[in-house]
Each structure stands twice: as C-alpha cells, then as structure tokens.
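# A look at the structure
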Protein chains: 2
Amino acid sequence: MILDTEPEKAVVLLSGGLDSATVAAIAQSEGYQVYAVSFDYGQRHKVELEAAKRIAERLGIRHHKTIRIDLNGVGGSALTDTMIDVPDFIERAPADVPITYVPARNLTFLSLALGWAEILGARRIYIGVNAVDYSGYPDCRPEFIHEFEVLANIATATKENTPLFKIIAPLQYMTKAQIIQAGAALGVDYSETISCYSPSADGGACGRCDACHYRKQGFIDAGLSDTTRYAQ
Amino acid sequence: MILDTEPEKAVVLLSGGLDSATVAAIAQSEGYQVYAVSFDYGQRHKVELEAAKRIAERLGIRHHKTIRIDLNGVGGSALTDTMIDVPDFIERAPADVPITYVPARNLTFLSLALGWAEILGARRIYIGVNAVDYSGYPDCRPEFIHEFEVLANIATATKENTPLFKIIAPLQYMTKAQIIQAGAALGVDYSETISCYSPSADGGACGRCDACHYRKQGFIDAGLSDTTRYAQ
C-alpha cells in the first residue's frame, strides 16, 4: 500500500520526563507525525535533555529540536537557581506554589512551540500538563491551557480556511498511575525517563523531591515495577 | 526630601528601535522604575541590541537584561533566516502578513517578560506595539494585547490581594509621527535608535524596508529632522 497523503504534523513538548514521553506516544498513536521540542533553560536537571533525546529515538521521532533559552540570571526558582535548594516533598495547601515553580515557564514553552507549529503548518500542540498528581503550578491548570488556545489563534497569522490551533493536554485529568498505565500500554519505556528535580549526573533520582514522590507513588498505584534508581 | 517608598517597578520590552525607546521614556515619565529587557533571538539586525544598551544608558535605566533565545534553526522569517531576503516596502492588503513576520515573537517576548515581572514583583509590562503605521503583524493588534493580559493573570502564581498584571501598550493607537513627537517631548534621542530590518554593520539603514519606510515618513509628518543615515 502506498500512502498518498502525508500524516498531519503535531508539535509535542518533550521534557524527558514521564508525562511528556507518554504524551508523545499518545500523539503518535493518534496518527500524527510528531515534531518534538525540548527546552534548555538552564534547568539544574539537565540529564532530562539527554533523556528527551533517547525517548525521541526510542519512539522513532525523526524531528526533535532543543531550543536554548539563556535567562541571563533572571532566576527566581529552585529549578534554575543553584543558590536555592530543591525542597523535599511536603503536603501543601492547594493555593501554595512551591519554590520549584519557574515563572511563566509553560507559557514561554508553548509560545515557542506555537511559533514552530506555525512555520511547520502543524495545527496541534501536545503538552503533558496534569492537574491531579502535580505540584500546584498555575500554568498546569485547565483554564491556563484553554486561555492559551484562545490566545494562540489571535497571536498568529491564521489565514482564512486554516483550521484553528488546538492545544491538546491528554493527561489533564489523569492520575499519575493512569498516565503510567496508558504509556505502558503504548510501549513507553519509562526507564528512559527522568522525573527528579535534582538528579545526580548519571541520572539517578533523589527520591525525596515532589517529582520523585509522585513518580514512586504512581508506579505503586499502577501496579507496575519502577526501575528508577532512587538514592533513598 | 527623602523618599520613603521605592517607586513601583515596570518591565519594558526594549528592542533598540524607535517605538520601544519611546515606551521606556513614557514608563519613566509615569514614575515607574524601569526594568528593561531585550532579546537576542538571532535577528539579522543585531546592531539593535547595541542600540538598546545605549538607549538604556541614555535614559538612566539601571536594570537592563538581554535574554538569548537560540531558536536552533526554527527559522521561517526574513528577520532570522539569512536565506530569505528582506523585501522592500510595498503597499499591502491589511490581511497580508509579510515574510519579516517572526511567528509568535511578541508572545514569546511577553511570556519571558512576564516571568521576570513575576520574580521582580512588577505588575506592569510595557510594550511598544502599534496598530497604525506597522506591518500588519497579528501579534501587534489590540486584541492580542488584551488576550495576553487575560492569560498573564491565569498563567502566574498570583496571590490574594496582589494587583493584576497589566500589559501597557501606550503607542497602540498613535501614528508614527505622534510617537516621534511624544518621545521628542520626553527627550528621547532618536539618533540612538535603529529601525531598519537590514542595517549595515555600523548601524546605517537600508532606506528601503518597511521599517525604514515608516520611520522616514514619521519624521517628515512630525516635522522633525531625521538624523538616520539611509543608504538610499
């Protein structure tokens, strides 16, 4: 059989973590040709970027770009500022935003992804935000994603008869366990993914931060084995 | 007299062009402590960034950052891709977006400015967009600025009783001549600013692109002398 049309393109934000790897697999399973984009924004967990590369290779994603943003000391987050310690997981009130929050991060990433999508002629952008097992970041909430979609269609040079941009957040209402089960069913190799905010140079996980907490519990709840090397 | 309160902070997008220099002077005249931000995004008119530095110095702006974004070949615009020629000015239909449009540029810049504002505790972001004498870019329109302001207040970790973010576009409905008159009245030295999309290495202007066209005409209409060195 010869395919007479190219599959539609979709841009996928790929961080190297568990969520975005699952999203990339979901986008592929929905028939899209995936254009993955990662961001090097001075995060202390840079082994993530290596993980993103391996995940893209494993999933057979041929188009993968890493955009570098040099924030030039803008700082303000434990994830980009080595003067601020990454805290251990604690239970927090829902309105409490932790110090690992990077101001306007998802907004910036989506903006750059949108620019690339416009150039590629892709109309869908996939992002692995999740409003269930997460750290309470404002730019992970459903209303943020919805408003971004509205803005995306105003910000761009959309021509008549062009379909609107859609921001797809398939994990939005899933628990971490459901995400892991969905990804495992699609063949995602989670041993390639890194969740830890403060991993060692060889990709080992601290086992103590928010991200490790949700990951550990997710595998337990999913009833699947977790091959992550946790320091504790 | 001793001031017992610090002036409120405002983030100003400063490109090195005529419009943003005027906006920085307006923000200062309104009593704000200006935090200027420029973006090095691989634009071919990099002399702009040097101009931004000189403008900040002249205006006595003490806080000025340049954030570098390495788009890693995302391309797609005559302003970032040296394989695409910057076209001469032509009259266009309003719906026509020229090749000098950089997809999602103002959205990305505003997103990064918002992140910095959130860290600084600034609630105002000034941007020099203009919907009169401009090139028809979708991300210069009033509805784009309005929607971004809505999104900014959803995207961020706003605490109770914190004032909302405001996106201020003071040039929105001004002609180029009115902008030049306003800036001149505030003492802006326009000889430091660069408008040209394709300037020479020493900052000389081509005299043929859209940006040169609007600048030339603006000075003529304002009845002020233009010290720009146009190649033609």
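Heads up: the structure comes first, above all this text.
All of the points below concern the structure found in this document. (Residues numbered from 1 in each chain as written. Chains lettered and ligands numbered in written order. Predicted model: local features only at pLDDT ≥ 70, side-chain atom pairs only at ≥ 80, totals over all residues.)

A few words on helix 6 (residues 210-222) of chain A. Residue and element names in this part refer to chain A. For helix 6, which comprises 13 residues, the first-to-last C-alpha distance of 18 Å matches the rise-based estimate of 18 Å (1.5 Å per residue) to within 8%. For helix 6, the elements touching its buried residues are helix 1 (18-29) and helix 5 (176-185). Gly223 occupies a position one or two residues after helix 6 and carries a positive phi of about 70 degrees. (Helix = DSSP H or I, 4+ residues; strand = E, 2+ residues; numbered from the N terminus. Expected span 1.5 Å × (residues − 1). Contact = placed C-beta atoms within 7 Å.)

A word on the packing of helix 1 of chain A against helix 5 of chain A. Residues and elements named next belong to chain A. Where helix 1 meets helix 5, the axes come as close as 9 Å, and the angle between the chain directions of the two elements is 45 degrees. Overall, the two elements helix 1 and helix 5 adopt an arrangement that is oblique. Between helix 1 and helix 5 lies a crossing whose hand is left-handed. Contacts between helix 1 and helix 5 involve Leu18, Asp19, Ala21, Thr22 and Ala25 from the first element and Ile179, Ala182 and Gly183 from the second. (Axes fitted to C-alpha atoms, helices over the stretch in contact; angles between N-to-C directions. Parallel < 35°, antiparallel > 145°, perpendicular 65-115°, else oblique. Left-handed = near helix turned anticlockwise from the far one by under 90°.)

On to helix 2 (residues 47-58) of chain A, then. Residue and element names in this part refer to chain A. Over its 12 residues, helix 2 extends 17 Å from the first C-alpha to the last, a length consistent with the 16 Å expected when each residue adds 1.5 Å. Within the span of helix 2, buried status applies to Glu48, Ala51, Ala52, Ile55 and Ala56. One face of helix 2 carries all of its buried residues, which in axial projection span an arc of 135 degrees. Backbone geometry just after helix 2 places Gly60 at a positive phi near 70 degrees. (Buried ≥ 20, exposed ≤ 12 C-beta atoms within 10 Å, placed from the backbone. Arc of directions from axis to C-beta.)

Facing 36 residues of chain B, the contacting portion of chain A comprises 36 residues. Mapped by element, the contributors of at least two residues to the side of chain B that touches chain A are strand 3 (63-70), helix 3 (105-120) and helix 4 (142-155) of chain B. In terms of residue count, the dominant contributor to the side of chain B that touches chain A is helix 3 of chain B (nine residues). Partitioning the side of chain B that touches chain A into residue classes produces 21 nonpolar, eight polar and seven charged. Relative to strand 3 of chain B, strand 3 (residues 63-70) of chain A is paired through three bridges, and the arrangement is antiparallel. Across the sheet, residue Ile69 of chain A finds its bridge partner in strand 3 of chain B, namely Ile69 of chain B. (Nonpolar A, V, L, I, M, F, W, Y, C, P; charged D, E, K, R; others polar. Pairing = 2+ DSSP bridges.)

Now for the relation of the copies chain B and chain A. You can overlay chain B on chain A at an RMSD of 0.0 Å; the transform is a turn of 180 degrees with a shift of 0.0 Å along its axis. Given the turn and translation reported, the copies of this chain are related as if by a two-fold rotation axis. Among all residues of chain B, the one whose C-alpha sits closest to the rotation axis is Ile69 of chain B, at a distance of 2.3 Å. Interface overlap between copies: 100% of the residues of chain B at the interface are likewise at the interface in chain A, consistent with a symmetric, same-surface contact. (Least-squares fit on C-alpha atoms with pLDDT ≥ 70 in both.)

With that settled, the discussion passes to the sheet that holds strand 3 of chain A. The 10 strands are arranged 5(A)-4(A)-1(A)-2(A)-3(A)-3(B)-2(B)-1(B)-4(B)-5(B) in an open sheet whose pairing can be described as mixed. Pairing within the sheet leaves two strands with one partner each, and these edge strands are strand 5 (166-168) of chain A together with strand 5 (166-168) of chain B. Taken pair by pair, the neighbouring strands of this sheet meet at an average axis angle of 25 degrees, ignoring direction. Sheet topology places strand 1 (residues 9-13) of chain B next to strand 2 (residues 33-40) of chain B; five bridges connect them, and they run parallel. Directly across from Lys9 of chain B, in strand 2 of chain B, lies its bridge partner Gln33 of chain B. Strand contacts of helix 2 of chain A: strand 2 (33-40) and strand 3 of chain A, with the helix running at about 170 degrees to strand 2 of chain A, the strand carrying the most contacts. Relative to strand 1 of chain B, helix 1 (residues 18-29) of chain B is tilted by about 170 degrees, and along the sheet it contacts strand 1, strand 2 and strand 4 (124-126) of chain B.

Shape descriptors only; they carry no functional weight alone.
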